[in-house]
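# Structural overview for review
Read off the chains here:
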Amino acid sequence: MSVTTQALQSFQNIDNARHRTLITALVQKLHDYINEVQLTEDEWLHAIQFLTKTGQLCHEQRQEYILLSDVLGISMLVDQINHQKNEIQTPSTVFGPFFIENMPIRQFADSIVIEGEEQTIPLLITGQIRNEYGEAISNAYIDVWQTADNGMYSGQDDMQQIDNLRGVFISQLNGSYAIKSILPVSYQIPSDGTVGQLLNYAKRTFWRPAHIHFKIAAEGYQPLVTHLFLENDDYLNNDAVFGVKDRLIVSYQFKKLDEESKVLYGLDRDYYLITYDFVLSAE
């Protein structure tokens, strides 16, 4: 009896049929791969050391394994498999490695810029959370995060407060939301870890196009993890993690301050505007 057959049979007592399928299929594919490439002992040891170091880089504010999944295209393949049938819902995309839980609840039209807000033109992002039938969804939790103008996230950058450019907003009775921020910038994903070593070895780009992350959850609806990307960014067609989808590319306009902007959104100067409606699917 071959070692592959023995390994597969050793997992047959798993009670959960789905779990049994996941594990045995993985073992079979790994064994097939090792046989196909005739893996050497040195190569296998190097792979183990690579994965070990990847795990050692992970902590509450950095997830190197998610980043590895992203650059291998695995994150977007899983996304494609799980969201390919719904053409009305706002498209999903990669979660990314820099989400931080339990960020502050912010009020309608609050700013997520905790530091340096007075030095730049504010960005207003506004729109509605609604379902596939156009009906407003109130009390949706909108978790938002983005990089600062230095291309780094709080948690990644020791110079930023942990809640800088992060926050949770709750949609209004009519489904509306409003968030004040700054325009995001293109940035390079971290190059100081195992993922950086892999991309350097493959001579691949580290760049991601400018974007803002959203994680939206509402009772009775499927959670949505997505980005908004800025149009005309140099890296839309060459994203290091393959995360760009056409329906997530948005334009922004420069707007002169007017009385309505002052009253509704608390703005006190000229600003940029992005308008976008997010559509959730029922569970």
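What you see is a predicted model; the values in this text were computed from it and never measured.

Before going further, it helps to spend a moment on the sheet that holds strand E9 (residues 249–250). The strands making up a sheet associate through backbone hydrogen bonding, with each pair oriented either parallel or antiparallel. Pairing is mixed across the open sheet formed by five strands, whose spatial order is E3-E2-E7-E8-E9. Each edge of the sheet is formed by a strand with only one pairing partner; in this case those strands are strand E3 (166–170) and E9. Judged from the two bridges that link them, strand E8 (residues 224–230) and E9 form a sheet pairing that is parallel. Within the sheet, the bridge partner assigned to Leu-230 lies in E9 and is Val-250.

Here the focus is the pattern of salt bridges. Summed over all chains, the structure comprises nine salt bridges. Ionic pairing is found between Glu-259 and Lys-262, a salt bridge with its closest N-O pair at 4.0 Å. Of the two residues, Glu-259 and Lys-262 are both situated in helix H7 (residues 259–265); the distance of three residues between them amounts to about one turn of the helix. Taking the relative accessible area as the measure of exposure, Glu-259 reaches 53% and is therefore exposed.

By size, the foremost hydrophobic cluster in this structure holds 33 residues, and its most contacted members are Ile-125, Ile-129, Phe-214, Ile-216 and Phe-278. With four residues, the top contributor of residues to this core is E8. Not counting the four nearest positions on each side in its chain, Ile-216 is found in contact with Ile-129, Ala-140, Tyr-141, Ile-142, Pro-223, Leu-224, Phe-278 and Leu-280. In terms of nonpolar packing, the next biggest core, distinct from the first, is built from 17 residues, Phe-50, Met-76, Tyr-187 and Val-241 among them.

Conventions we followed
Residues numbered from 1 in each chain as written. Predicted model: local features only at pLDDT ≥ 70, side-chain atom pairs only at ≥ 80, totals over all residues. Heavy atoms only, no water. Pairing = 2+ DSSP bridges. Helix = DSSP H or I, 4+ residues; strand = E, 2+ residues; numbered from the N terminus. Salt bridge = Lys/Arg side-chain N within 4 Å of Asp/Glu carboxyl O. Buried < 20%, exposed > 50% of the residue type's maximum accessible area, 1.4 Å probe, protein only. Core = buried A, V, L, I, M, F, W, Y, C linked by side-chain atoms within 4.5 Å. Contact = heavy atoms within 4.5 Å.

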